[in-house]
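Here is how the chains run, residue by residue.
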Amino acid sequence: MIKKISVGIVLLLFIVLSSFIKYKDISKYDIVSGIAVDFEDDKWTAVCEVCLPSSTNDFGSRAEYVKGTGFTLADALYNAGLKSTNILYTESAQLYVIGENALQKSDELETFFMREDSNLRATVVTSQQNIEKILQKEKEGETRAKSLSLAEKIKAFCKQNGYDMPHVMNFLKDGGSVGISNDGLIERRVDA
Amino acid sequence: MRFFNSFEKNTEHFRNSFAGDDLFTIKILKNEHNPDIKIAIALNNCMVNSDVVNRDIIIPLCQMPITDDINSVLELGVFVFSAKLCDDIDTGVINVASGDTLIFIGDADKAITVDTKGMKQRDVSAPDTEQSVQGPAEGFNENIVTSLSLVKKRVMTSALKNEFVTLGKQSNSRLAVCYIEGVAKKELVDELKNRLNSIETDYIGDTNYIAEFIRDNKTSFIKTYGRTSRPDVFASKLLEGRVGVILNGSPSALTFPYLFIENFQTPDDYYLNCWYANIGRILRLIGFYLSFLVPAGFLALTLHHMSMLPPEWLYSISASRMGVPVPIVLEMFLLFGVFEILRETGTRMPSSIGLALNVVGAIILGQAAVDAKLVSAPSVIVVAFSGVMGLMVPNLKGAVFYIRLAMLLLATVSGLPGVFVGFMLLLILLCNMSSMGVPIMYLYSFFAKKGRSDTFFRAPIYKMNYRQKPFSDNIKRQGRV
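A quick note: this is a predicted structure, and the numbers were derived from the prediction, not measured.

About the cut-offs
- Residues numbered from 1 in each chain as written.
- Chains lettered and ligands numbered in written order.
- Predicted model: local features only at pLDDT ≥ 70, side-chain atom pairs only at ≥ 80, totals over all residues.
- Heavy atoms only, no water.
- Helix = DSSP H or I, 4+ residues; strand = E, 2+ residues; numbered from the N terminus.
- Rg over C-alpha atoms; globule rule 2.2 N^0.38 Å.
- Buried < 20%, exposed > 50% of the residue type's maximum accessible area, 1.4 Å probe, protein only.
- Contact = heavy atoms within 4.5 Å.
- Lys, Arg positive; Asp, Glu negative; His and termini not counted.
- Charge placed at Lys NZ, Arg CZ, Asp CG, Glu CD.
- Buried area = accessible area lost by both parts, 1.4 Å probe.
- Salt bridge = Lys/Arg side-chain N within 4 Å of Asp/Glu carboxyl O.
- Nonpolar A, V, L, I, M, F, W, Y, C, P; charged D, E, K, R; others polar.
- 1 Å grid on protein atoms, 1.4 Å probe; cavity = no way out; pocket = protein on both sides within 12 Å on 5 of 7 lines; lining within 4 Å.
- Points joined across faces, edges and corners; volume = space filled by probe spheres on them.
- Polar contact = N/O pair within 3.5 Å; in protein donor to acceptor, adjacent residues only side chain to side chain.
- Pairing = 2+ DSSP bridges.
- Axes fitted to C-alpha atoms, helices over the stretch in contact; angles between N-to-C directions.
- pLDDT = per-residue confidence, 0-100.
- Phe/Tyr/Trp six-rings, centres within 6.5 Å; stacked < 30°, edge-to-face > 60°.
- Core = buried A, V, L, I, M, F, W, Y, C linked by side-chain atoms within 4.5 Å.
- Parallel < 35°, antiparallel > 145°, perpendicular 65-115°, else oblique.
- Left-handed = near helix turned anticlockwise from the far one by under 90°.

> Where do I start with the overall build of chain B in this structure?
Helices and strands together make up the secondary structure of chain B, namely 15 helices and 12 strands. Taking 2.2 N^0.38 as the reference for a compact globule, 481 residues should give roughly 23 Å; the C-alpha atoms of chain B span a radius of gyration of 29 Å, well beyond that estimate. Burial analysis of chain B (481 residues in total) assigns 49% to the buried set. Of all intrachain contacts in chain B linking residues separated by at least 6 positions in sequence, the fraction that spans at least 24 positions is 65%. Positive and negative side-chain charges in chain B, numbering 47 and 45 respectively, have mean positions lying 10 Å apart.

In structure tokens form, the structure reads like this:
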């Protein structure tokens with residue numbers, strides 16, 4: 001009897017001490033497929049591409065964009081999240097677009113990526129263009145969210161040219177190897 | 001109580017005992033050579049073989065030159081080999097109730113009891129619950145003698161012992177304790193007999209009644225007794241040193257001890273080439289564990305560890321969840337509820353209706369529910385997959401239900417650590433369980449060095465040289481050891 005009671009107590013403690021109250025249903029989250037960040041006028045800007053299911057459940061064929069600004073990157077993301085209907089889920093983002101100005105703030109960027117440690121294999125690209133413009137879909141015929149298709153294009157570009165894969169890990173190591181020019185072309189960064 | 005020294009008192013006792021039972025008959029006979037001898041037979045009409053009674057009892061008693069000495073009647077007046085003297089009047093009443101015929105001769109304080117049981121019985125046929133592709137198509141039926149003969153046919157040795165025991169105050173059910181002398185451990189046989197003798201009940205309706213009385217870990221949802229309807233399986237278990245119980249009126253027999261790995265063994269494992277048979281066994285083992293780990297893992301990942309899901313899966317699951325009104329936890333429990341309802345309904349239905357039910361339940365209902373956005377497609381897939389996996393091991397389908405329920409709860413409240421803790425608790429539970437005193441996980445222990453040739457994999461027959469030590473002192477089975 002004592003054995004059963006002690007097993008019960010251990011189990012109860014385990015349940016109480018675990019984070020069961022915190023969990024949220026997956027439908028309460030907005031899944032972010034890509035994040036673009038930049039630094040302008042002493043403020044961070046974060047734009048998140050949120051994938052939405054269409055009537056055919058083709059995830060990513062519809063997307064909405066939420067933008068937030070703040071004095072830190074975390075603030076900017078938080079403010080972007082406030083504009084979203086549901087909770088923003090950023091840990092599965094496939095693409096990070098880093099603006100040219102933001103590259104100067106490497107310490108804050110590193111902190112940001114280290115916190116998002118579950119996503120170290122996402123693609124990072126630097127951009128000379130306006131970050132918002134890069135994430136917005138251009139062609140109507142595009143079947144997936146821009147960040148998903150752009151991430152694939154960048155990977156294919158690196159593979160084709162024998163460059164290192166532009167993962168977060170590599171970005172943290174050498175500051176990134178691939179960028180998007182003013183003309184919207186994917187190219188190897190000169191300083192890489 | 002002994003029989004009376006009076007013909008009238010003895011017959012009167014039986015008339016009183018069976019008063020109100022119109023099937024009971026006492027017939028007074030006259031011997032044509034010695035008409036002064038008082039002869040009567042007592043029997044139950046519906047339970048005896050009329051031919052045997054007329055031809056082998058009534059005609060000899062009436063026509064043979066017998067005296068009123070009961071021993072001479074036993075020799076001359078009954079043409080049935082099973083005839084024997086009975087001293088105890090209460091035993092006589094039980095014998096008549098179970099289909100024997102009792103013969104009263106004069107004022108003798110004994111009676112002759114003759115086995116004349118002639119109840120209709122089902123033909124020997126392949127059991128539905130343990131189908132075999134290549135093996136014999138014979139199954140036990142409800143007649144204990146037929147069932148024992150099917151075992152004896154496979155183990156033709158005088159070492160095969162069948163000890164009869166009567167259980168149930170009202171049902172007086174006959175059962176046989178079967179074992180092979182010199183192979184089964186004597187302590188095991190004695191333990192089983194002691195446990196059987198300790199049963200005090202009115203009625204034994206099936207071997208499951210016995211199992212629930214005598215099994216170890218009585219409250220556990222995991223089986224600690226073997227149950228089979230196949231004489232070939234029963235015989236092979238006896239040859240491994242196990243002890244069996246066959247009950248009159250039940251088409252399934254019990255075997256003790258029962259190890260956990262036996263849940264994953266099927267008759268065809270031994271009738272097919274071992275390489276082919278092992279595929280099935282491994283699939284069953286994997287299927288059992290996946291049947292509760294997959295839904296628990298799915299729930300844990302979608303609730304607590306979304307970042308561990310590949311992004312494509314996450315997008316897909318998230319997309320399918322859009323517009324579904326119930327939370328994913330409730331959805332999983334509801335779907336499993338529906339699955340169990342369909343399974344239970346299908347079990348009791350005739351096969352033709354069962355097929356239609358499966359089509360309606362699985363395809364139409366599932367598809368319609370997904371289309372109507374009542375449930376999400378990934379949940380339906382997970383529930384269907386795990387439900388089918390759970391049915392791969394029929395012996396554990398009840399256990400799987402409870403394990404799955406517990407795992408789902410733990411996954412909901414604690415995520416993957418909860419699933420891990422639940423799995424560890426299950427292993428601890430299994431390691432604590434025993435069957436006739438033998439740990440059911442014995443084969444996984446360090447002590448079972450010999451005889452591991454039939455666990456996760458079945459070795460070729462010529463390499464299965466040993467019996468298990470806890471069952472048998474005589475572990476050498478074959479080959480050069």
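> What am I meant to see in the interface of chain B and chain A here?
How big an interface is tends to be expressed through the accessible area that disappears when the partners come together. Counting residues at the interface gives 28 residues for chain B and 26 residues for chain A. Summing both sides of the interface, chain B and chain A together bury roughly 2,300 Å²; the carbon and sulfur share of this comes to 68%. At the junction of chain B with chain A, the criterion picks out one salt bridge. Where Arg-321 of chain B meets Asp-25 of chain A, a salt bridge forms, and the shortest distance between an N and an O atom there is 3.2 Å. Elements represented by at least two residues in the side of chain B that touches chain A include exactly helix H10 (274-303), helix H11 (311-321), helix H12 (328-348) and helix H15 (397-432) of chain B. Taken together, the residues of the side of chain B that touches chain A break down into 16 nonpolar, nine polar and three charged.

> Looking at this structure, how should I read empty space enclosed by the protein?
All names here are of chain B. Under the definition given, this model contains two cavities of 30 Å³ or more. Each pocket or cavity is described by its volume, and for the largest cavity that value is around 60 Å³. Taken together, Phe-339, Glu-340, Arg-343, Gly-387, Gly-390, Leu-391, Lys-397, Val-400, Phe-401 and Arg-404 make up the lining of the largest cavity. Mapped by element, the contributors of at least two residues to the lining of the largest cavity are H12, helix H14 (377-390) and H15. The element that contributes the greatest number of residues to the lining of the largest cavity is H15, accounting for four residues. When the residues that make up the lining of the largest cavity are grouped by side-chain class, the tally is four nonpolar, two polar and four charged.

> What exactly am I supposed to notice about the side chain of Asp-216 of chain B here?
Residues and elements named next belong to chain B. Along the polypeptide, Asp-216 turns up in the loop between helix H7 (207-214) and strand S8 (226-228). Within the structure, the side chain of Asp-216 is placed 2.8 Å from the side chain of Ser-434, a separation counted as a polar contact. In contact with Asp-216, not counting residues within four places along its chain, are Arg-195, Thr-224, Ser-434, Ser-435, Met-436 and Gly-437.

> Just to check I follow, could you spell out the pattern of salt bridges for this structure?
Side chains that differ in sign of charge can pair as their charged atoms come close. In total, this model carries 27 salt bridges over all chains according to the counting rule given. Connected through salt bridges with shared partners, the residues Lys-237, Glu-240, Arg-242 and Glu-262 of chain B form a single ionic network.

> Explain the side chain of Lys-223 of chain B here, please?
Residues and elements named next belong to chain B. By the element assignment, Lys-223 lies in the loop between H7 and S8. It is Glu-130 that comes nearest to the buried, bridge-free Lys-223 among opposite-charge side chains, at 8.4 Å. Sequence-distant contacts of Lys-223, that is, excluding residues within four places in its chain, are made with Arg-215, Tyr-258 and Asn-395.

> Explain the sheet that holds strand S9 (residues 243-247) of chain B here, please?
Two modes of strand pairing occur in sheets, parallel and antiparallel, and in both the strands are linked by backbone hydrogen bonds. Residues and elements named next belong to chain B. Strand order in this open sheet of five strands is S6-S7-S9-S10-S8, and the pairing throughout is antiparallel. Two strands close off the open sheet at either side, each with one partner strand: strand S6 (160-167) and S8. Between one strand axis and the next, the sheet turns through 25° on average, direction left out of account. For S8 and strand S10 (residues 253-256), the ladder comprises three bridges, and the chain directions are antiparallel. Paired with Thr-228 across the strands is Ala-253, a residue of S10. The strands that H7 touches are strand S7 (173-180), S8, S9 and S10; relative to S10, the one it contacts most, it runs at about 25°.

> What should I look at first to understand the confidence of the model for chain B in this one?
Residues and elements named next belong to chain B. Considering every residue of chain B, the mean pLDDT works out to 88; 99% of them sit at 70 or more. Mean pLDDT values for the elements of chain B range from 76 in helix H13 (residues 351-371) up to 94 in S9. The ipTM value of the predicted complex is 0.78, and its pTM value is 0.83.

> Even after reading the chapter, I still don't get the packing of aromatic side chains, so can you show me in this structure?
All names here are of chain B. Tallying each qualifying case throughout the model produces 23 aromatic pairs over all chains. The interplanar angle of 85° and the centroid separation of 5.2 Å between the aromatic rings of Phe-401 and Tyr-402 together place this pair among those described as edge-to-face. The partly exposed category is assigned to Phe-401, whose relative accessible area is 31%. Three or more aromatic residues joined by ring pairs form one cluster here, namely Phe-260, Phe-264, Phe-288, Tyr-289, Phe-292 and Phe-423.

> Would you explain the nonpolar core in this entry?
Generally speaking, a soluble globular protein has its nonpolar side chains buried in company with each other. The biggest cluster of nonpolar side chains holds 76 residues, and the ones touching the most others in it are Leu-175, Leu-192, Leu-196, Ile-210, Phe-260 and Phe-288 of chain B. Sorting elements by how many residues they give to this core places H15 of chain B first, with nine residues. Core analysis: the next-biggest nonpolar cluster, separate from the first, contains 27 residues, Ala-46, Tyr-96, Phe-113 and Phe-171 of chain A among them.

> Even after reading the chapter, I still don't get the sheet that holds strand S2 (residues 39-44) of chain B, so can you show me in this structure?
Residues and elements named next belong to chain B. One open sheet accounts for five strands, arranged S1-S2-S4-S5-S3; its pairing is antiparallel. Looking along the sheet, the strands with just one partner apiece sit at the ends: strand S1 (24-29) and strand S3 (84-86). Neighbour-to-neighbour, the strand axes of the sheet open up by a mean angle of 30°, direction not taken into account. With six bridges joining them, S1 and S2 adopt antiparallel strand pairing. When the bridges of S2 are listed, Lys-27 appears paired with Ile-41. Relative to the sheet, helix H4 (residues 89-97) contacts S1, S2, S3, strand S4 (101-105) and strand S5 (111-114), its axis offset from that of S2 by approximately 55°.

> Sorry if this is basic, but what is going on with unusual backbone geometry here?
That bond from Phe-256 of chain B to Pro-257 of chain B is cis: its omega, -10°, falls within 30 degrees of zero. Examined against the element boundaries, Pro-257 of chain B turns out to sit in the loop between S10 and helix H9 (268-271). A positive phi angle, near 60°, is found at Asp-42 of chain A, a position not held by glycine. As for its placement among the helices and strands, Asp-42 of chain A is situated in the loop between strand S1 (29-40) and strand S2 (43-52). The exposure class of Asp-42 of chain A is exposed, given its relative accessible area of 59%. Positive phi outside glycine occurs at Met-436 of chain B, with the angle close to 50°.

> Can you walk me through the packing of helix H5 (residues 144-154) of chain B against helix H8 (residues 231-239) of chain B in this structure?
In helix packing, the relevant descriptors are the interaxial angle and the interaxial distance, both defined with respect to the helix axes. Residues and elements named next belong to chain B. One can describe the packing of H5 onto H8 by two numbers: an axis separation of 9 Å at closest approach and a directional angle of 60°. One element, H5, and the other, H8, form an angle in the oblique class. Classified by chirality, the crossing of H8 by H5 is right-handed. Residues Leu-150, Val-151 and Arg-154 of H5 lie in contact with H8, whose contacting residues are Pro-231, Asp-232, Phe-234, Ala-235 and Leu-238. Residues that form the contact of H5 with H8 fall into these classes: six nonpolar, no polar and two charged.

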